[in-house]
Amino acid sequence: MGDRGPCAEVREKFQAALALARLELRRNPEKEPYKSKYSARALLEEVKALLGPAPDDDDDDDEDWGPHLSSPNLKRLLSPTSIVCDGSHLLSQYLEGCGRRMATSLTLDWPTECSLGWIDPNNLGILWSEREEIETAKAYLESSEALYNQYMKEIGSPPLDPTEHFLPEEEKLTEQERSKRFEKVYTHNLYYLAQVYQHMEMFEKAAHYCHSTLKRQLEHSAYHPMEWAINAATLSQFYINKLCFMEARHCLSAANVIFGQIGKIQTTEDTPEVEGDLPELYHQRKGEIARCWIKYCLALLQNAQLSMQDNIGELDFDKQQELRALRKKELDEEESIRKKAVQFGSGELCDAISAVEEKVRYLRPLDFEEARELFLLGQHYVLEAKEFFQIDGYVTDHIEVVQDHSALFKVLAFFETDLERQCKMHKRRIAMLEPLLVDLNPQYYLLVNRQIQFEIAHAYYDMMDLKVAIADKLRDPDSHIVKKINNLNKSALKYYQLFLDSLRDPNKVFPEHLGEDVLRPAMLAKFRVARLYGKVITADPKKELENLATSLEHYKFIVDYCETHPEAAQEIEVELELSKEMVGLLPTKMERFRAKMALT
């Protein structure tokens with residue numbers, strides 16, 4: 001029979017159903033959030049009734065409606081609506097049924113069948129992904145990806161869009177629009193594959209698919225700036241962990257540029273308005289991107305520190321010179337590294353991203369001035385993040401931002417050669433950390449309290465060491481310097497003791513076995529407490545002897561604990577060796593001290 005095409009009634013009902021299915025949920029009445037979906041479902045049932053039952057493969061009447069307008073194919077066209085109406089379990093059953101029918105009947109007339117045959121594995125992959133059946137989702141999504149690649153290799157031009165089967169010839173889509181829709185579905189496929197690989201801890205693959213998704217969204221102008229920017233900033237954290245700082249910088253620079261488009265680009269079907277309170281969400285996302293920048297600056301500074309420090313954590317000038325010699329080679333290789341990296345955008349967008357990148361270094365800083373440049377950038381984003389993540393309402397987030405700020409000062413101090421200026425940096429750290437303990441209830445924030453107590457103690461500990469080094473350079477340190485050293489010593493002891501006391505049980509008994517999460521910090525605290533007691537400056541012989549005895553007690557704890565818990569030794573190898581030495585030396589020193597006291 002001649003090809004009559006779908007009747008007007010079928011076409012009108014289908015188009016109405018499609019419009020309702022695409023209606024954003026927030027536009028429905030508050031008490032009927034899925035009203036549009038159910039209305040779409042009702043219209044589809046009417047279309048299904050008009051189409052009649054699916055014909056057999058050898059039925060000549062198949063031509064009346066066209067082989068792609070049968071009930072099974074109709075179901076797959078609006079499967080997202082069916083997720084709401086039927087439930088995901090029923091949807092998976094009939095999608096799989098459609099897939100089986102397609103597998104048996106398909107002669108692969110590519111332009112017409114690919115658009116429909118591709119929907120099944122893609123929708124099933126998304127469905128199983130949302131049901132957290134990750135392995136099943138992976139299989140369907142990879143099948144969908146393979147079908148796309150096969151089609152593009154063999155045909156190249158876009159297939160019919162599924163909705164075109166219900167349109168008369170004069171209303172068919174243009175080649176450009178058809179391609180846009182086809183590529184959009186493939187981008188969606190890559191997006192879900194990225195989520196699946198992330199869930200399966202296949203992080204390299206997840207990052208690759210995430211990067212490809214973001215790149216394609218820009219190429220096809222199918223993105224919302226806020227969502228795109230936060231995804232790009234999040235991806236930067238993967239590259240930071242891999243020490244790929246050029247790629248991380250590129251992601252963050254692109255995030256800044258795209259985030260700046262919010263409110264400036266016209267919303268379309270592919271770039272819908274964001275749901276919720278836009279000003280609130282805008283400032284939150286801005287703060288989150290700022291935090292990703294902080295992590296970038298901090299990681300790059302810390303990586304430089306690790307590359308240049310000696311075995312006691314101080315600047316090794318020989319290593320510094322070696323890295324300076326490598327700098328020229330790194331700069332020469334910059335262009336080849338850039339070419340290998342996946343770049344976002346083209347034309348003006350690419351230029352805008354490059355303009356942001358040029359202001360931020362990606363090579364390790366080798367001296368104080370270079371480090372200070374990164375520090376100031378990080379500090380800028382600290383202030384930006386704190387605008388949203390305030391202590392009142394975002395306790396944990398605010399504290400993490402402050403801790404990162406403290407860490408920026410700490411690593412900057414490593415590059416500073418002036419001891420007094422180093423002291424001032426540690427003093428800034430203490431000034432921002434101590435107030436946090438006042439606002440925190442240790443009953444609800446025990447772990448955070450411990451972290452801050454330990455960090456404050458370490459800052460006082462470093463300041464004391466610096467003041468001792470300054471005093472050693474003086475011929476005759478005055479009483480003011482001695483008092484300052486003792487006060488810093490006392491403050492460090494106070495916070496280390498608070499940390500150690502937090503490990504005690506309700507009966508105030510120190511645990512016989514320390515968990516993995518607190519083992520190294522606890523051993524370090526014990527070691528530093530032992531050292532601090534040995535550094536107290538006093539003219540009272542009796543007091544000094546008491547301090548030496550307390551110091552010995554803590555050194556002995558470390559040695560004894562590692563004897564009964566051999567696994568602990570590898571956590572504190574350096575401190576354990578020094579503790580063993582002190583356990584051997586201190587008793588002799590104390591005996592000599594007692595003998596000296598007896599003669600006076």
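A quick note: this is a predicted structure, and the numbers were derived from the prediction, not measured.

Asker: Explain the overall build of the protein chain residue by residue, including any values.
Answerer: The helix and strand tally for the protein chain stands at 25 helices and 0 strands. Looking at the protein chain as a whole, 46% of its 600 residues qualify as buried. Pairs at least 24 apart in sequence give 72% of the contacts found in the protein chain among residues at least 6 apart. As displayed, the protein chain has an accessible area near 31,800 Å², and 51% of this comes from carbon and sulfur atoms.

Asker: Give me the lowdown on the packing of aromatic side chains, citing residues and values where you can.
Answerer: By the definition in use, this model includes 20 aromatic pairs. Consider the rings of Trp228 and Phe344, whose centres lie 5.0 Å apart with planes at 75°: the pair is edge-to-face. Remark: Phe344 occurs in the loop between helix H16 (334–340) and helix H17 (347–357) and Trp228 occurs in helix H12 (residues 225–241); sequence separation between them is 116 residues. Comparing Trp228 with Phe344, the two get one shared label, buried. Arranged with centres 5.2 Å apart and planes meeting at 90°, the rings of Phe414 and Phe415 form a pair that is edge-to-face. For Phe415, a relative accessible area of 5% corresponds to the buried category. Here the aromatic cluster, defined as three or more aromatic residues joined through ring pairs, consists of Phe245, Trp293, Tyr296 and Tyr381. In this structure, Arg291 is placed above the aromatic ring of Phe389, and the distance from its NZ or CZ to the ring centre is 5.2 Å. Sitting above the plane of the Tyr461 ring, Arg528 keeps its charged end 5.4 Å from the centroid.

Asker: So what about the pattern of salt bridges? Which residues, and what values?
Answerer: Inspection of every chain in the model, using the stated rule, returns 19 salt bridges. With a shortest N-O distance of 2.8 Å, Glu591 and Arg594 are connected by a salt bridge. Highlighted residues: Glu591 and Arg594, both in helix H25 (residues 573–599), separated by 3 residues, approximately one helical turn. Taking relative accessible area as the criterion, Glu591 reaches 49% and is therefore assigned partly exposed. Looking at Arg594, the relative accessible area reads 35%, which means it is partly exposed. One connected set of salt bridges, linked through shared partners, spans Arg327, Arg361, Glu370 and Glu373.

Asker: Could you give an account of a negative patch on the surface, naming the residues involved and the relevant values?
Answerer: A contiguous patch of negative charge on the surface is contributed by Glu516, Asp517, Glu567 and Glu571. With respect to the helices and strands, Glu516 occurs in helix H23 (residues 516–535). When its relative accessible area of 81% is taken as the criterion, Glu516 is described as exposed.

Asker: So what about unusual backbone geometry? Which residues, and what values?
Answerer: Positive phi, normally seen in glycine, also occurs at Glu201, with a value near 60°. Tracing the chain through its elements places Glu201 in the loop between helix H10 (175–199) and helix H11 (203–219).

Asker: Which residues make up the side chain of Asn489, and what values go with them?
Answerer: You can see Asn489 is positioned in helix H22 (residues 479–501). Overall, Asn489 belongs to the buried group, its relative accessible area being 1%. In this structure, Asn489 is in contact with Met464, Leu532, Lys535 and Val536, ignoring residues within four places of it in sequence.

Asker: Quick one: what's the story with the side chain of Arg429, residue by residue and with numbers?
Answerer: Positionally, Arg429 belongs in helix H20 (residues 419–439). Its relative accessible area of 0% is what places Arg429 among the buried residues. A distance of 3.0 Å separates a polar atom in the side chain of Arg429 from a polar atom in the side chain of Ser406. With residues near it in sequence (within four places) discarded, Arg429 still touches Ser406, Phe409, Lys410, Glu455, Ala459 and Asp462.

Asker: Which residues make up the confidence of the model for the protein chain, and what values do they have?
Answerer: The predicted model of the protein chain averages 81 in pLDDT, with 77% of residues at 70 or higher. In the model of the protein chain, helix H3 (residues 62–65) stands out as the element of lowest mean pLDDT, 42, in contrast to helix H18 (residues 368–388), which has the highest, 97. In this model residues 1–5 is a low-confidence stretch, pLDDT under 50, and it forms 5 contacts with partners more than four residues away in sequence or in other chains.

Asker: Tell me what's going on with the environment of Glu387, and back it up with residues and numbers.
Answerer: Residue position: Glu387 is located in helix H18. Separated by 11 residues in the primary sequence, Glu387 and His398 have C-alpha atoms spaced 9.7 Å apart.

Asker: Quick rundown of the nonpolar core? Include the residues and the values.
Answerer: Counting 122 residues, the largest nonpolar core has Trp228, Tyr296, Phe415, Ile452 and Leu514 as the members making the most contacts within it. By residue number, the principal contributor to this core is helix H14 (residues 278–308), which donates 14 residues. Counting residues in hydrophobic clusters, the runner-up holds 15 residues, among them Tyr148, Leu190, Tyr197 and Ala206.

Basis of the calculations
- Residues numbered from 1 in each chain as written.
- Predicted model: local features only at pLDDT ≥ 70, side-chain atom pairs only at ≥ 80, totals over all residues.
- Heavy atoms only, no water.
- Helix = DSSP H or I, 4+ residues; strand = E, 2+ residues; numbered from the N terminus.
- Buried < 20%, exposed > 50% of the residue type's maximum accessible area, 1.4 Å probe, protein only.
- Contact = heavy atoms within 4.5 Å.
- Areas by Shrake-Rupley, 256 points an atom, 1.4 Å probe, with all protein chains shown as cover.
- Phe/Tyr/Trp six-rings, centres within 6.5 Å; stacked < 30°, edge-to-face > 60°.
- Lys NZ or Arg CZ within 6 Å of the ring centre and 35° of its normal.
- Salt bridge = Lys/Arg side-chain N within 4 Å of Asp/Glu carboxyl O.
- Patch = residues over 30% accessible without salt bridge, like charges linked within 9 Å, V, L, I, M, F, W, Y side chains within 5 Å.
- Lys, Arg positive; Asp, Glu negative; His and termini not counted.
- Charge placed at Lys NZ, Arg CZ, Asp CG, Glu CD.
- Polar contact = N/O pair within 3.5 Å; in protein donor to acceptor, adjacent residues only side chain to side chain.
- pLDDT = per-residue confidence, 0-100.
- Core = buried A, V, L, I, M, F, W, Y, C linked by side-chain atoms within 4.5 Å.

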